[in-house]
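# Coordinate analysis (summary)
One-letter residues, chain by chain:
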Amino acid sequence: MQYLKNKNSILVIGFLLVLYLSYVLAISKTLETKREYVALQREEQQFNNLSQQLFLLRKKEHYLDSTLQSLNLGNTSMENNLLRRVNQEAEKHQLKVIDFNPPHVYNDNGTVYKTFNLVLRGTFLDILKAVQAIEQQGSFGEVTHIEFVKQRNYRTSQNYLEATVLIQKLE
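Source: prediction; values computed, not measured.

## Structural notes on the nonpolar core
Counting residues in each nonpolar core, the largest one holds 19 residues, and the members touching the most others are L82, L118, V165 and I167. When contributions to this core are tallied by element, the ones reaching two or more residues are α2 (78-92), β3 (111-122), α3 (124-137) and β5 (158-170). Once you skip the residues sitting within four places of it in the chain, L118 turns out to touch V86, D99, F100, A163, T164, V165 and I167.

## So, the side chain of E162
Summarising the element assignment, E162 is placed in strand β5. For E162, a relative accessible area of 13% gives the class buried. For E162, the side chain forms a polar contact with the side chain of R121, separated by 2.6 Å.

## Focus on a nonpolar patch on the surface
On the surface, L17, Y20, L21, Y23, V24, L25, I27 and L31 cluster together into a nonpolar patch covering about 770 Å² of accessible area. For I27, the location among the structural elements is in helix α1 (residues 2-70).

## Quick notes on the packing of aromatic side chains
Counted according to the given criterion, the structure contains 2 aromatic pairs. Measuring from centroid to centroid gives 4.9 Å for F124 and F148, while their planes differ by 50°, and the two rings are tilted. One end of the pair, F124, is in helix α3; the other, F148, is in strand β4 (residues 142-153), and 24 residues separate them in sequence.

## Regarding the pairing of β3
Sheet analysis places strand β1 (residues 96-100) next to β3, joined by 4 bridges and oriented antiparallel. Bridge pairing in β3 links K96 to R121. Relative to β3, strand β2 (residues 104-108) runs antiparallel, the two sharing 5 bridges. Bridged to V105 within β3 is K114. Between β2 and β3, which follow one another and run antiparallel, lie 2 residues, and N109 among them has a positive phi close to 55°. Alignment of β3 against β5, held across 10 bridges, turns out to be antiparallel. In the strand pairing of β5, G122 is matched with L161.

Cut-offs used in this document
- Residue numbers run consecutively from 1 along every chain, following the written order of its sequence.
- Since the coordinates come from a predicted model, pLDDT governs what is reported: local features require at least 70, and pairs of side-chain atoms require 80 or more to be given and counted, while whole-chain, interface and lining totals use all residues.
- To get the side-chain values, take all heavy atoms of the structure and skip hydrogens and water.
- Among the buried residues, those of types Ala, Val, Leu, Ile, Met, Phe, Trp, Tyr and Cys that are joined through side-chain atoms within 4.5 Å form a nonpolar core.
- A 1.4 Å probe rolled over the protein chains alone gives each residue an accessible area, and that area as a share of the maximum for its type sets the label: buried under 20%, exposed over 50%, partly exposed in between.
- Counting from the N terminus, the helices are DSSP H or I runs at least four residues long and the strands are E runs at least two residues long.
- Only heavy atoms enter the contact rule, under which two residues are in contact if any of them lie within 4.5 Å.
- As used in this structure description, the phrase polar contact means that two N or O atoms lie within 3.5 Å; if the pair is within protein, one of them must be able to donate a hydrogen and the other to accept it, and residues adjacent in sequence are counted only when both atoms belong to side chains.
- The patch calculation keeps residues exceeding 30% relative accessible area without a salt bridge and links them within 9 Å when they carry like charges or within 5 Å when they are nonpolar (Val, Leu, Ile, Met, Phe, Trp, Tyr).
- Only the protein chains shown count as cover for residues, and all accessible areas are computed by the Shrake-Rupley method using a 1.4 Å probe.
- The salt bridge definition used is simple: a Lys or Arg side-chain nitrogen within 4 Å of an Asp or Glu carboxyl oxygen.
- Only rings of Phe, Tyr and Trp enter the pairing, Trp through its six-membered ring, and a pair is recorded when the two centres are within 6.5 Å. The plane angle decides the type: under 30 degrees is stacked, over 60 is edge-to-face, the rest tilted.
- Think of it this way: DSSP has to see at least two bridges between two strands before they count as a pair.

Listed below in structure tokens is the structure:
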């Protein structure tokens, strides 16, 4: 009986030893090779998607270029572009640009605020249309304030409306 117990113990220990050796010599290397294979497959997939991503980036660049072209923005400063846009809208809506001041620059914790001050003369609706077009169709910032003042020209005895417009851009 003792002999069978020793034989069974040796058999179990031998079996466990064979399992351990097979893991160390074969299975662990197989698992490592599988991990490398999966990593290489991911790299291959990323490489294959590279041409598609490049195509999409070129398409996006073309779209952005056409958008900039439609806004009629050249390589000039933003102030010149805003002045050009204001003059276009003033001509379109029969307005007069009375004053266009250089921007007021304010720095607040790393955020730069540029505020442009301009004065337009014309009818109420034409001024509103021009201001709306400047704000919506350009990337000049947002209109933060409009002040309308009704004034009288005593020489000609005519009334006119002037609007002071503040356009603020964050940089």
